[in-house]
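Spelled out, the chains give:
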Amino acid sequence: MRKFFQKIGRIYAMEWGRVLEYRIDVIAWSLAAASIPLVSLALWYNVSLQNPTGLSPQETLTYFLLVIFIKIITDAWNGFFTAWEILNGDIVKYLIRPFPMIWNDIINNTVEKCIKLLIPLPLFIFFLFSFPHTFSPQIFIPSHWLLFIPSLLLALILSFTLETCFGFLAFWLEEAQQIRSFKNIFELVASGVLIPFILMPPTVRTALSFLPFRYIVSVPAEILLGQASFNQSIQLLLYQTVWIFLIIMLAYTLWQKGLQRYAVPGQ
Amino acid sequence: MSVIINIKDLSKSYQVHQKEPGFIGSIQGLFNRRYKTITAVDNISLSIQTGELVGFIGPNGAGKTTTLKMLSGLLYPTSGTATVMDYTPWQRKRDFLKNFSLVMGQKAQLWWDLPLYDSLLLQRDIYEIDKSVFRSSLQELTELLDLDKFLKVQVRKLSLGQRMRGELAAALVYHPQVLLLDEPTIGLDIVVQKKVRKFIKQYQQKYNATIILTSHYLDDVRELARRLVIIDHGRIAYDGSTENLIKQHVDHRRIVLTFFQPVAKTALLPYGQIIKYQPLHTILHVPRNQTTKRAAQLLTKFPVEDISIDEPSLENVVRELFTNQNYA
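Residues numbered from 1 in each chain as written. Chains lettered and ligands numbered in written order. Predicted model: local features only at pLDDT ≥ 70, side-chain atom pairs only at ≥ 80, totals over all residues.

Caption draft 1: Geometry of the overall build of chain B. Broken down by element type, chain B carries twelve helices and 13 strands. Taken over 328 residues, chain B has a buried fraction of 38%. Here the analysis covers contacts within chain B between residues at least 6 apart in sequence; of these, 70% occur between residues at least 24 apart. (Helix = DSSP H or I, 4+ residues; strand = E, 2+ residues; numbered from the N terminus. Buried ≥ 20, exposed ≤ 12 C-beta atoms within 10 Å, placed from the backbone. Contact = placed C-beta atoms within 7 Å.)

Below is the structure:
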């Protein structure tokens, strides 16, 4: 176990070293991660001021600021690198090592997330406690946080494993990156980043609930904002867990089958 | 010596999409895709003993790299079996991965944004090398590969030769028993090529490592490998020593003559085929079994200042083999 943590520690040290080499990226990544939810916030905030939609301006502001953080924390891009490395053969360097490749992706993901939160998180905390009346009172209820934190962790794992599956598609398809891009665009709608789930027509909401995307962004926000009762929250946590289990099984199958047919191109 | 690599009836085929040229071809490809099966490795069998250094040569697309990929566990074969250190490579067991190393051209194990030293530290932890062993191994590699000048420089800023030496250091710092080198000197200048060759030789002798080397540079193979495996069209065309290859497949030698007085071309014709003629310097092509007799005759009949008998170069032999396709 000590040796395992030594390896993890070394990769963390190297990832931090790599990320800190490029200081401008820190600002760029933070801004990029916040840009789409901020545009949605501006739009829906104005709508909520002029024409009540079911969400008050307070709730709208809280929801989209929350989405920025949930999105940064749950965002995963490992599929991009995985697909790229499969397609050009660079994955070889991981395949010949006696250490699972997935750890490199996990570490890269967590380090870059810390960097992306470096600017927005202190700002959010500052505004939350300086202007508490601007936000929905629901987010100050401690029991909501007790359910929100596990939900956020499950959302993070779900997003990461789903992205891994899309990366593994490159074992079969040269167009894996394009399919991934389509999934990312669809995810903006289906996860509640562009339109809160509560404002969607019931049929659309029901249909999208059968996909995993809602459980990546919207569900943690719904739980923290008290849009789901305690029982509903527990049910949502259970759905998240089931999705994770299914997607891990799928990822494992894709990996095993993919390796069997892999031709290591470009070498 | 024991067998460390054993290959039996190993084959690998790929399905390759055949696209018709032009716009119409692209549209046709949308509805009706045609695939062609390409056999990269065709039923090869081979045994390699512990501590052997074997050179794989062959033209592009012959199947050398595909064979190495299967032995590294990167590719699953279509049929046949292979064991490396008693492991089936494509099962990619941890103990197998810990004891072999693959260097494939410029496909880097190194982290581009960090100094070489960081990548070596990562290798230390991944391969669970004891700190004192790592220190002495690093010191040895630094001396043999002249790493000290660039050990702490970001990898992306290194020259091609420096990067290749860094790759070798990363591949060998944990002392693998089996080393698969695919074109380790490709793109390097002559000085660095020599350094790398010298290093491979020293490493093999010191650690009794088993090495398979593929290279387009026959100098690599000639200098390093006693055993040569020629692969062509996915099959083993020759397996044996370099000397035997030349003896078996070349039925002539060259006699190089320098005269202290000019000699007429016509006078030399009965002694062999004239490859190069100058009145004071001539090269003759003579049948291998006649070489000694002809040389003795030339020495007695002509004003010979100097005489030497050359074997044809490995390059020439291999070129002849690949172009004439007349080998056994």
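Caption draft 2: Looking closely at the nonpolar core. Counting 132 residues, the largest nonpolar core has A:Val67, A:Ile70, A:Ala155, A:Leu158, B:Ala169 and B:Leu213 as its most contacted members. When residues no more than four places from it in sequence are discounted, the contact partners of A:Ala155 are A:Ile70, A:Thr74, A:Tyr215, A:Ile216, A:Val219, A:Pro220 and A:Gln240. (Core = buried A, V, L, I, M, F, W, Y, C linked by C-beta atoms within 7 Å.)

Caption draft 3: Structural view of the confidence of the model for chain B. Residue and element names in this part refer to chain B. Put simply, chain B has an average pLDDT of 86, and 94% of its residues get 70 or more. In the model of chain B, helix α12 (residues 314–324) stands out as the element of lowest mean pLDDT, 69, in contrast to strand β4 (residues 79–84), which has the highest, 95. Here the prediction assigns the complex a pTM of 0.82, and the interface score ipTM is 0.82. (pLDDT = per-residue confidence, 0-100.)

Caption draft 4: Highlighting the interface of chain B and chain A. At the interface, 25 residues of chain B touch 22 residues of chain A. Taken together, the elements giving at least two residues each to the side of chain B that touches chain A come down to α2 (64–71), α3 (94–98), β5 (100–104) and α4 (116–126) of chain B. Broken down by element, the residue count for the side of chain B that touches chain A peaks at five residues, all from α4(B). A class-by-class count of the residues in the side of chain B that touches chain A yields 14 nonpolar, three polar and eight charged. (Nonpolar A, V, L, I, M, F, W, Y, C, P; charged D, E, K, R; others polar.)

Caption draft 5: Just the domain arrangement of chain B, in detail. What the domain assignment reports for chain B is domain 1 (3–11 + 45–246) and domain 2 (251–310). Computed from C-alpha coordinates alone, the two centres of domain 1 of chain B and domain 2 of chain B are separated by 44 Å. (Domains from an automatic or database assignment.)

Caption draft 6: Here's a closer look at unusual backbone geometry. Residues and elements named next belong to chain B. For Arg-92, which is not glycine, the phi torsion reads 50° and is therefore positive. Here Arg-92 lies in the loop between β4 and α3. With 17 C-beta atoms counted inside 10 Å, the residue Arg-92 sits in the partly exposed group. In this structure, Glu-128 is a non-glycine residue whose phi angle is positive, near 50°. Among the structural elements, Glu-128 can be located in the loop between α4 and α5 (131–145). Assessed through the 13 C-beta atoms surrounding it within 10 Å, Glu-128 is described here as partly exposed.

Caption draft 7: Structural context of the sheet that holds strand β6 (residues 178–182) of chain B. Residues and elements named next belong to chain B. Pairing is mixed across the open sheet formed by six strands, whose spatial order is β5-β6-β7-β3-β8-β9. The sheet is open, and its two edges are formed by β5 and β9 (235–241), each paired on a single side. Going across the sheet, the axis of each strand differs from the next one's by a mean of 15°, ignoring polarity. In terms of strand pairing, strand β3 (residues 53–57) meets strand β8 (residues 227–232) through four bridges, oriented parallel. What sits directly across from Ile-57, in β8, is Ile-230. (Pairing = 2+ DSSP bridges. Axes fitted to C-alpha atoms, helices over the stretch in contact; angles between N-to-C directions.)

Caption draft 8: Representation of the sheet that holds strand β11 (residues 273–278) of chain B in the model. Residue and element names in this part refer to chain B. Spatial strand order, β11-β12-β10-β13: four strands in an open sheet with antiparallel pairing. Two strands bound the open sheet, and with one partner strand each, they are β11 and β13 (304–310). Strand-to-strand, the axes of this sheet are offset by a mean angle of 15°, without reference to chain direction. Both strand β10 (residues 252–259) and β13 contribute to a ladder of six bridges, which runs antiparallel. Looking at the pairing, Arg-254 lines up with Asp-310 of β13. Helix α11 (residues 291–301) contacts β10, β12 (281–287) and β13 of the sheet and is inclined by roughly 170° relative to β13.

Caption draft 9: Broad picture of the packing of helix α4 (residues 78–88) of chain A against helix α9 (residues 176–190) of chain A. Residues and elements named next belong to chain A. Close contact between α4 and α9 brings their axes to 9 Å; oriented N to C, the two are set at 170°. Here α4 is positioned roughly antiparallel relative to α9, judged by the angle of their axes. Contacts from Gly-79, Phe-80 and Ala-83 in α4 reach Ala-176, Gln-177 and Arg-180 in α9. In the contact of α4 with α9, the residues fall into three nonpolar, two polar and one charged. (Parallel < 35°, antiparallel > 145°, perpendicular 65-115°, else oblique.)

Caption draft 10: Broad picture of the pairing of β11(B). All names here are of chain B. The element β11 is largely exposed, with a buried count of zero among its six residues. Sheet topology places β11 next to β12; five bridges connect them, and they run antiparallel. Within β12, the residue paired with Tyr-277 across the bridge is Thr-282. The antiparallel pairing of β11 with β12 creates a hairpin that spans two residues between the two strands.

Caption draft 11: How the structure looks around helix α1 (residues 2–21) of chain A. For α1(A), which comprises 20 residues, the first-to-last C-alpha distance of 29 Å matches the rise-based estimate of 28 Å (1.5 Å per residue) to within 8%. Within the sequence span of α1(A), burial applies to A:Ile11, A:Met14 and A:Glu15. Across the axial projection of α1(A), the buried residues extend over an arc of 100°, all falling on one side. Among the exposed residues of α1(A), those oriented more than 90 degrees off its buried face are A:Arg2, A:Phe5 and A:Gly9. Next to the buried residues of α1(A) lie α6 (102–117) of chain A together with α4 of chain B. (Expected span 1.5 Å × (residues − 1). Arc of directions from axis to C-beta.)

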